[in-house]
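Listed below are the residues making up each chain.
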Amino acid sequence: MTEKKALNEFISLLPMAAIIMDKKGAIIFANHIFRDKFKLSKLSKSNKIYLQNFFNFDITNIFNKLLGTNTSVSTYDYKFIDLDENEITADLHFNTIQEHKILMILQEKDNFKTYLTQASKTFSDTFMNSLSNNLGKNISSPITNIIGAIDIVNLDKSSNIQNELINIILEESNKIKDYLININQFNVNMSLDIEKANIHQCLNEALESLTTKFLVKEVVSTNYDPSIPEVVFNKKHLIKCFNNILINALECKRNNHIEIITRINHNVFIKSEELQKVLKLPIHIKIIDAGPGIDEDIEKFMFYPFITSKNNSEGLGLTYVNSVVSKYGGYLKYEREKGRSALNMFLPLVKKRSVNY
């Protein structure tokens, strides 16, 4: 795969307007969303198109910060006029992806005035910083390795070197693919199969799947309530939910002791401040760990995408769990408990007359 093709395929995967520029701000590649937005039929090599042509925006200072360093720069609520004379408000995110090549992502925003609460501002800042870090780790870094591998292939034609580099290209490409799959799984319109699942079987399968990576048997204890009936939940999704919660607990502290407790209590009602209602969810799965817990600044945003305090985490695991559990009528709640952390999953009982199989 040539460098040109690799870059083209890379930005074509991005779900928002994106371009790749050289060190002078000339557009080298643009994805179809950017092309449609700015009426680009094709990019002329003889007459270079510069970012300033569209934004009337001096990017010299930004480029000086980016070039020669593995960093990112963002500018928020930038206003400009598009080619149809419409005022556009957007966040612009610049990221170095290779020496003398810069990726710019444009995220268009609503054009009405809003007044952010301090919590909303904190979330916005935290979210965008985390997104920038995620793009750097999961897209910029792999694509830089891919392009570097292609350059070496072009310099050295020996079969041994080529085989090594093809493996690098394949591995890094799969990282990007897997990351985009993880992002796309949060489609708000995703449909989940209605079927029955045994929560204890799903918990055991999740634990079994982690034994090769963690010392699960040594650090995890279980206390199951055998009277809990099957729940309405896709088995594959439920196992992944437990998997994500357990990985989160196992990674937060070495030799962390984890306790899994399941109970059913018909007299317990859950008050959801977010939904402003009281939920009757008698099935309770509690996963407790002795780790340091969630940072207080992050705790209120912990189920949002990309929010994490871990260096090697994408901040998507608990977001997935919260999204899927809520779609099945359940509720996820985090608590601090006597110096330990507890993630509580509450699920409804099966209503046989209202479920069609």
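Residues numbered from 1 in each chain as written. Predicted model: local features only at pLDDT ≥ 70, side-chain atom pairs only at ≥ 80, totals over all residues. Heavy atoms only, no water.

**Quick look at the nonpolar core**
- One finds Phe233, Leu238, Met345 and Leu347 to be the most contacted residues of the largest nonpolar core, which totals 44 residues.
- Secondary-structure elements contributing two or more residues to this core are helix 7 (199-210), helix 8 (216-219), helix 9 (235-252), strand 9 (258-264), strand 12 (283-289), helix 11 (317-327), strand 13 (331-337) and strand 14 (340-347).
- Looking at which element gives the most residues to this core, the answer is helix 9, with 8 residues.
- Apart from the residues lying within four places of it in its own chain, the contact partners of leucine 238 are Ala197, Ile199, Cys202, Val231, Phe233 and Met345.
- Within the second largest apolar cluster, 27 residues are counted, among which are Leu40, Leu51, Phe57 and Leu92. (Core = buried A, V, L, I, M, F, W, Y, C linked by side-chain atoms within 4.5 Å. Buried < 20%, exposed > 50% of the residue type's maximum accessible area, 1.4 Å probe, protein only. Helix = DSSP H or I, 4+ residues; strand = E, 2+ residues; numbered from the N terminus. Contact = heavy atoms within 4.5 Å.)

**A word on the packing of helix 7 against helix 9**
- In contact at an axis separation of 8 Å, helix 7 and helix 9 are set at 50 degrees when each is read in the N-to-C sense. By the angle class used here, helix 7 and helix 9 are oblique. Considering only the axes of helix 7 and helix 9, their crossing is right-handed. Together, Ile199, Cys202, Leu203, Glu205, Ala206, Leu207, Ser209 and Leu210 of helix 7 and Lys235, Leu238, Ile239, Phe242, Asn243, Leu246, Ile247 and Leu250 of helix 9 make up the contact between the two elements.
- Per-class residue counts for the contact of helix 7 with helix 9 are 12 nonpolar, 2 polar and 2 charged. (Axes fitted to C-alpha atoms, helices over the stretch in contact; angles between N-to-C directions. Parallel < 35°, antiparallel > 145°, perpendicular 65-115°, else oblique. Left-handed = near helix turned anticlockwise from the far one by under 90°. Nonpolar A, V, L, I, M, F, W, Y, C, P; charged D, E, K, R; others polar.)

**Some remarks on the packing of helix 9 against helix 11**
- Contact geometry of helix 9 with helix 11 gives a least axis separation of 9 Å together with a crossing angle of 145 degrees. The element helix 9 and its partner helix 11 pack so that their crossing is left-handed. Residues His237, Lys240, Cys241, Asn244, Ile245 and Asn248 of helix 9 touch helix 11, and the partners they reach there are Gly317, Leu318, Tyr320, Val321, Val324 and Val325.
- For the contact of helix 9 with helix 11, a count of residues per class yields 7 nonpolar, 4 polar and 1 charged.

**Some details on helix 9**
- Between its first and last C-alpha, helix 9 extends 26 Å over 18 residues, near the 26 Å set by a 1.5 Å rise per residue.
- Within the span of helix 9, buried status applies to His237, Leu238, Ile239, Cys241, Phe242, Asn243, Asn244, Ile245, Leu246, Ala249 and Leu250.
- By the N-cap criterion, in which a side-chain oxygen at the helix start approaches the backbone nitrogen of a residue two or three places on, helix 9 is capped by asparagine 234, the distance to lysine 236 being 3.0 Å. (Expected span 1.5 Å × (residues − 1). Polar contact = N/O pair within 3.5 Å; in protein donor to acceptor, adjacent residues only side chain to side chain.)

**Here we look at the environment of histidine 284**
- With respect to the secondary-structure elements, histidine 284 resides in strand 12.
- Sequence separation of histidine 284 and leucine 332 is 48 residues, and the distance between their C-alpha atoms is 10.0 Å.
- In contact with histidine 284, other than residues within four places in its own chain, are Ile261, Thr262, Arg263, Asn344, Met345 and Phe346.

**Digging into the side chain of asparagine 243**
- Position of asparagine 243 among the secondary structure elements: in helix 9.
- Ignoring any residue separated from it by four or fewer positions in sequence, one finds asparagine 243 in contact with Ala206, Ser209 and Leu210.

**Describing the environment of phenylalanine 38**
- In this structure, phenylalanine 38 sits in the loop between helix 2 (32-37) and helix 3 (52-55).
- Judged by its relative accessible area of 1%, phenylalanine 38 is buried.

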